[in-house]
Amino acid sequence: MLVKQILQAKGNSAVITIKPGTSVREAADILAERRIGGLVVSSTGERAEGILSERDIVRSLAVRGPSCLSETIDQMMTHNPVCCSVQDSSDAVLARMTEGRFRHMPVVEEGKLVGIVTIGDVVKARLDELSMEKTALEGMIMGY
Ligand code: AMP
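One structure accompanies this document, and this report is about it. (Residues numbered from 1 in each chain as written. Predicted model: local features only at pLDDT ≥ 70, side-chain atom pairs only at ≥ 80, totals over all residues. Heavy atoms only, no water.)

Attention shifts here to helix H4 (residues 90-100). Among all positions of H4, only Ser90, Val93 and Met97 are buried. Across the axial projection of H4, the buried residues extend over an arc of 65°, all falling on one side. Seen from the open side of H4, the exposed residues pointing more than 90 degrees away from its buried face are Thr98 and Glu99. Considering only its buried residues, H4 is in contact with helix H1 (3-9), strand E5 (104-109), strand E6 (112-118) and helix H5 (119-142). Once H4 finishes, Arg101 follows within two positions and takes phi at roughly 55°, a positive value. (Buried < 20%, exposed > 50% of the residue type's maximum accessible area, 1.4 Å probe, protein only. Helix = DSSP H or I, 4+ residues; strand = E, 2+ residues; numbered from the N terminus. Arc of directions from axis to C-beta. Contact = heavy atoms within 4.5 Å.)

The immediate surroundings of the ligand are formed by 14 residues, with Ser53, Asp56, Thr78, Arg103 and His104 found nearest. Here an oxygen atom of the ligand sits 2.4 Å away from a polar atom, N or O, in the side chain of Asp56. Contact with the protein chains hides 92% of the accessible area of the ligand, taken as 480 Å² for the molecule alone. Listing elements by their share of the shell around the ligand, those giving two or more residues are strand E3 (50-53), helix H3 (54-64) and E5. (Near = heavy atom within 4 Å. Polar contact = N/O pair within 3.5 Å; in protein donor to acceptor, adjacent residues only side chain to side chain. Areas by Shrake-Rupley, 256 points an atom, 1.4 Å probe, with all protein chains shown as cover.)

Pairing between side chains of opposite charge can happen when the charged atoms of each approach one another. Within the structure shown, the criterion is met by 10 salt bridges. One salt bridge connects Glu71 with Arg64, and the closest N-O pair in it is separated by 2.9 Å. Put simply, Lys134 and Glu138 hold a salt bridge, and the shortest N to O gap is 3.1 Å. With Lys134 and Glu138 both in helix H5 and 4 residues apart, this pair spans about one turn of that helix. Connected via shared salt-bridge partners are Asp91, Arg126 and Glu129. (Salt bridge = Lys/Arg side-chain N within 4 Å of Asp/Glu carboxyl O.)

Let us look at the packing of H4 against H5. Closest axis-to-axis distance for the H4/H5 pair is 10 Å, and the angle between their directions is 140°. When the interaxial angle is binned, H4 and H5 end up oblique. Viewed along their axes, H4 and H5 form a crossing whose handedness is left-handed. Residues Ser90, Asp91, Val93, Leu94 and Met97 of H4 form the contact with H5, whose participating residues are Ile119, Val122, Val123 and Arg126. Residues of the contact of H4 with H5, tallied by class, amount to 6 nonpolar, 1 polar and 2 charged. (Axes fitted to C-alpha atoms, helices over the stretch in contact; angles between N-to-C directions. Parallel < 35°, antiparallel > 145°, perpendicular 65-115°, else oblique. Left-handed = near helix turned anticlockwise from the far one by under 90°. Nonpolar A, V, L, I, M, F, W, Y, C, P; charged D, E, K, R; others polar.)

Limitation: the analysis is restricted to geometry and does not speak to function.
Written out as structure tokens, the structure is:
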């Protein structure tokens, strides 16, 4: 399955972005409110300049305590995140996520942000594919 199909299945919903300079507290509020685990950081909503994960916030809270909440996300985010394209396969994306140990990947076309896929989206796509293959094989074996 291609990333393009995963995005279509998700309804091509808009990517939730935040601007550099946003406070960590505000970012945490957005993550909680929208029930998501990562935010793409972008000044214009077009280029993925960074990514801020709930893990970045938890790590900073553990290391530096609650004072980090009043800082900006700029030092906390990962700059220049690994991105994928709509033509990439779900297997290639899963391999990249596993190798890099991250669960979010912005989708970019001609330098512009067009979506985001999570490890959950990719695993669901793979399970759906396996289920379809199983049904097709059963059909072939049982002759229906
Ligand atoms: P995650 O597992 O995606 O919640 O993030 C784990 C760590 O990887 C955090 O430090 C993130 O900022 C970072 N990260 C998340 N997504 C990406 C990505 N696509 N490219 C590079 N780093 C990422």
